[in-house]
Amino acid sequence: MDIRLSPSLLAWLRSFDAAARHGSFTKAAAELCITQGAVSQQVKQLEEWLRRPLFLRTPRALVPTPEGKWLAVVLRESFDAIESTLAQMRQPAEATTATLSCSPSFAMSWLTPRLGDFFRQYPRTGLRVFGEFHTLDRTRMVRDGIEAAVRFDLGLYPDLNASVFLDEWLIPVASPDFLARHPTIHTPEDLRSDWLLHDSSAWEGAETYEEWQHWFTQRGATPPPWAGGQQFNLSQLALGAALAGQGIAMGRAALVLQDVKAGRLVPLLGRSVLSRAAYSFVTSSHPSPAMQQVRDWLEEEAKRFCTEREMLLPAVQGP
């Protein structure tokens, strides 16, 4: 007997398999995206070809005959084996890659340690991060092929789409060793100018002593003369000096929280201050699906971070 799996026979078997699994021609039709009548007709044609019934058709359900049960098991095992083999053989689609320009200190201290969570959540999305802090405008983003960026600044982008996903708390921090050598720091007035470590370019266009000046103002205190304190062009460098016991840095919560948690840095003077700057997600147009995943993930990570920040750092309060 010549039995070949012709296209017609394969279609009949597929309809029978769906009907047997669902116990219904109507549900099988919905799965196969054909009409209920087409499924019924194809099963009938299979039964005529086999010269035996495969279902007992009752008012409430389809009941497989013993031969129908046998065929249903064999077909399901066969289809499962075929689908499994095809899944293993199919060449996976190339991973989509998003490229993000990011403030260097934020990239190193906040973003990079969290990237493992991003890749576990979005295994088919690649993410390249470039540490940059130059000023952005639409012309530059288009010219340099920058789809999106994270910037710490005042968020003034008249020709770009910018949305804040994380605010920033400022708190002076120092190493336990430095505090052991200078145990008399109890008020803002106790801070000496030569102890202060400065990020001289907190963001593009910021004044040299922006963060310390803002902190003293919000605390209602008069700062010491600025001459004498070390200056750096990255917050991460000022924090590195603080970790080495060289002085007191103005810590941004996003950059110091893990060091505070580990005991490497200690917050001083019992109150955080809300920074004038914040972290914004900046795009020149509507982000691609891959970059939208990055944006959504950043927002969720920021929410989790804020919860941890409130537990570990002195709260933001008025003067």
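### Things to note about the pairing of strand β5 (residues 148-153)
Counting buried positions over the six residues of β5 gives six, a clear majority of the element. As judged from the three bridges shared by strand β3 (residues 96-102) and β5, these two strands associate in the parallel manner. If you follow Leu100 over to β5, its bridge partner there is Ala148. Bridge count for β5 against strand β11 (residues 273-283) is six bridges, and the pairing is antiparallel. Counted as the bridge partner of Arg151 is Ser280 from β11.

### Digging into the side chain of Ser105
For Ser105, the position within the fold is in helix α5 (residues 104-111). Within polar-contact distance, the side chain of Ser105 engages the backbone nitrogen of Gln236 at 3.1 Å.

### Brief notes about the side chain of Ser175
For Ser175, the position within the fold is in the loop between β6 (161-174) and α8 (176-181). Not counting residues within four places of it along the chain, the set of residues in contact with Ser175 comprises Ala242, Leu243, Gly245, Arg264 and Leu265.

### Thoughts on the environment of Pro7
One can find Pro7 in helix α1 (residues 7-22). Residues Pro7 and Thr307, spaced 300 residues apart in sequence, show a C-alpha to C-alpha distance of 60 Å.

### Section: the state of the cysteines
What the rule picks out here adds up to zero disulfides. Free cysteine: Cys306, not disulfide-bonded; nearest cysteine sulfur from Cys102 at 16 Å.

### Remarks on the packing of helix α2 (residues 25-32) against helix α3 (residues 36-50)
When two helices pack together, their arrangement is given by the angle between the helix axes and the distance between those axes. At a minimum axis separation of 8 Å, α2 and α3 run at an interaxial angle of 105°. Comparing the axis directions of α2 and α3 gives the class roughly perpendicular. Contacts between α2 and α3 involve Phe25, Thr26, Ala28, Ala29 and Leu32 on the former and, on the latter, Gln36, Val39, Ser40 and Val43. Each residue belonging to the contact of α2 with α3 can be placed in one class, and the counts come to six nonpolar, three polar and no charged.

### A closer look at the nonpolar core
In terms of nonpolar packing, the biggest core is built from 48 residues, with Leu100, Phe106, Phe165, Leu166 and Leu298 touching the most fellow members. Examining the composition of this core, we find that eight residues originate from one element, helix α12 (residues 289-312), more than from any other. The residues touching Leu100, leaving out its near neighbours within four places in the chain, are Leu111, Leu127, Arg128, Val129, Phe130, Ala148, Ala149, Val150, Phe281, Met291 and Val294.

### Let's talk about unusual backbone geometry
Unusually for a residue other than glycine, Cys33 sits at a positive phi of about 60°. Within the secondary structure layout, Cys33 lies in the loop between α2 and α3. Positive phi is not limited to glycine here, since Leu269 has a value of about 70°. The residue Leu269 is located in the loop between β10 (266-267) and β11 in this model. Residue Leu269 is classed as buried on the basis of its relative accessible area of 17%.

### Structural notes on the packing of aromatic side chains
The tally for this structure, following the rule as stated, stands at 17 aromatic pairs. Between the aromatic rings of Phe152 and Tyr279, the centroid separation amounts to 4.8 Å while the plane-to-plane angle is 40°, which identifies the pairing as tilted. In this pair, Phe152 sits in strand β5 while Tyr279 sits in strand β11, placing the two residues 127 residues apart along the sequence. A single burial state applies to Phe152 and to Tyr279, both of which are buried. An aromatic cluster is present here, built from Phe106, Trp110, Phe152, Phe165, Trp203, Tyr279 and Phe305 joined pairwise through their rings. Sitting above the plane of the Phe79 ring, Arg14 keeps its charged end 4.5 Å from the centroid.

### Brief notes about the environment of Arg76
For Arg76, the position within the fold is in helix α4 (residues 66-89). Residue contacts for Arg76: discarding those within four places in its chain leaves Arg14, Asp17, Arg21 and Glu83.

### Section: a nonpolar patch on the surface
A surface patch of nonpolar side chains, amounting to about 270 Å² of accessible area, comprises Ile3, Trp49 and Leu50. By the element assignment, Leu50 lies in helix α3. Using a relative accessible area of 30% as the deciding quantity, one classes Leu50 as partly exposed.

Conventions used here
- Residues numbered from 1 in each chain as written.
- Predicted model: local features only at pLDDT ≥ 70, side-chain atom pairs only at ≥ 80, totals over all residues.
- Heavy atoms only, no water.
- Buried < 20%, exposed > 50% of the residue type's maximum accessible area, 1.4 Å probe, protein only.
- Helix = DSSP H or I, 4+ residues; strand = E, 2+ residues; numbered from the N terminus.
- Pairing = 2+ DSSP bridges.
- Polar contact = N/O pair within 3.5 Å; in protein donor to acceptor, adjacent residues only side chain to side chain.
- Contact = heavy atoms within 4.5 Å.
- Disulfide = S-S within 2.5 Å.
- Axes fitted to C-alpha atoms, helices over the stretch in contact; angles between N-to-C directions.
- Parallel < 35°, antiparallel > 145°, perpendicular 65-115°, else oblique.
- Nonpolar A, V, L, I, M, F, W, Y, C, P; charged D, E, K, R; others polar.
- Core = buried A, V, L, I, M, F, W, Y, C linked by side-chain atoms within 4.5 Å.
- Phe/Tyr/Trp six-rings, centres within 6.5 Å; stacked < 30°, edge-to-face > 60°.
- Lys NZ or Arg CZ within 6 Å of the ring centre and 35° of its normal.
- Patch = residues over 30% accessible without salt bridge, like charges linked within 9 Å, V, L, I, M, F, W, Y side chains within 5 Å.
- Areas by Shrake-Rupley, 256 points an atom, 1.4 Å probe, with all protein chains shown as cover.
- Salt bridge = Lys/Arg side-chain N within 4 Å of Asp/Glu carboxyl O.

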